Amino acid sequence: MSIEGEDIRWKSADGLDLYARSYGPSDARLTVLCMHGLTRNHKDFEPMIAALPGHFRFIAVDVRGRGLSARDADAKNYSPFTYAADMAALLDYLNIYRVALIGTSMGGLMSMIMMKTMPQRIRGVVLNDVGPVFEASGLKRIAAYTSDTEPKANWDEAAAAVGKIQADTFPDFGPDNWMALARRTFRELEDGRVALDYDPAITRTISKVRPGLLTRIAMWRLFRKMTGAPLLVVRGERSDILSEKTAAEMIKRHPDAERVTVPRVGHAPILDEPEAIRVIGQFLSKVEPRA
């Protein structure tokens, strides 16, 4: 899928060249900052953006180490706190004071951090299949598939690999869906092979996640900072990262929250599913400033 957009290039506080893509009118009343998961990039949001009303402005980022953003020579900087600071630098560069956030998985963790560090700049947050508790089975699965970063011989092989890895996540997908997902997650090399579009060093961070009691306590404390803005929780029915129990507790602890379950999808929904599009469109209209 290819939709019309404009390139944005800015520098992080430590001098790294970073990339984002803007879709929709630059003078829109609401700008939506879209932040992807661990191994993804800005293209992850293009199916959603294409399905939502065109009067919003969407800015989808390539977090450092992914897509068209520069790789970091120091892998310790591949941290959600660093990524959140990069988002602040982007908003400052664009002279945008307030935005809505849509964060998938890691991008949702970035959203939670941003609600702690810059709550006055956030109009509302959509968390896509992520919360204060990460299920151990899902972390184990992600760690397993992200360890294979060898290039594939061609696009057909890449699509087949994606289909094998994500079969349980998207049981209704067919060959065209797998190819579209591969096109959003791989890049073509000069010799014709295709490689995953991220720095392999980013995968080291997944092994550092320890879903124990102390981590849960700290994460629920972080989630408490979310109560300053409206919240929408999107959960895949088959998710092995965000449990039904955790999603329900998130709604219970937030004064202005709602949730939707995307049927027959695991971690994480693409967000172009009809159930997701309907509630996201309604949520963005809710937090959009009035003329």
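Keep in mind the model is a prediction, meaning the values are calculated, not measured.

Two elements in contact, helix H2 (residues 80–94) and helix H3 (residues 106–117), have axes whose closest approach is 9 Å; the angle formed by their N-to-C orientations is 70 degrees. Between H2 and H3, the angle is such that the two are roughly perpendicular. Regarding H2 and H3, the two cross each other, and that crossing is right-handed. Contacts between H2 and H3 involve Pro 80, Phe 81, Tyr 83, Ala 84 and Met 87 from the first element and Met 106, Leu 109, Met 110, Ile 113 and Met 114 from the second. Tallied by class, residues from the contact of H2 with H3 come to 10 nonpolar, no polar and no charged.

The next point concerns the sheet that holds strand S3 (residues 31–35). Taken together, the 8 strands give an open sheet; going across it, the order is S1-S2-S4-S3-S5-S6-S9-S10, and neighbouring strands pair in mixed fashion. The sheet is open, and its two edges are formed by strand S1 (6–11) and strand S10 (257–262), each paired on a single side. For this sheet, the mean angle separating the axes of adjacent strands, direction not counted, is 20 degrees. Bridge analysis of strand S2 (residues 17–23) against strand S4 (residues 57–62) gives 5 bridges, and the strand direction is antiparallel. Following the sheet pairing, Tyr 19 is matched in S4 by Asp 62. In the packing of H2 onto the sheet, contacts are made with S1, S2, S3, S4 and strand S5 (99–104), and the angle to S1 comes to roughly 115 degrees.

Conventions adopted
- Residues numbered from 1 in each chain as written.
- Predicted model: local features only at pLDDT ≥ 70, side-chain atom pairs only at ≥ 80, totals over all residues.
- Heavy atoms only, no water.
- Axes fitted to C-alpha atoms, helices over the stretch in contact; angles between N-to-C directions.
- Helix = DSSP H or I, 4+ residues; strand = E, 2+ residues; numbered from the N terminus.
- Parallel < 35°, antiparallel > 145°, perpendicular 65-115°, else oblique.
- Left-handed = near helix turned anticlockwise from the far one by under 90°.
- Contact = heavy atoms within 4.5 Å.
- Nonpolar A, V, L, I, M, F, W, Y, C, P; charged D, E, K, R; others polar.
- Pairing = 2+ DSSP bridges.

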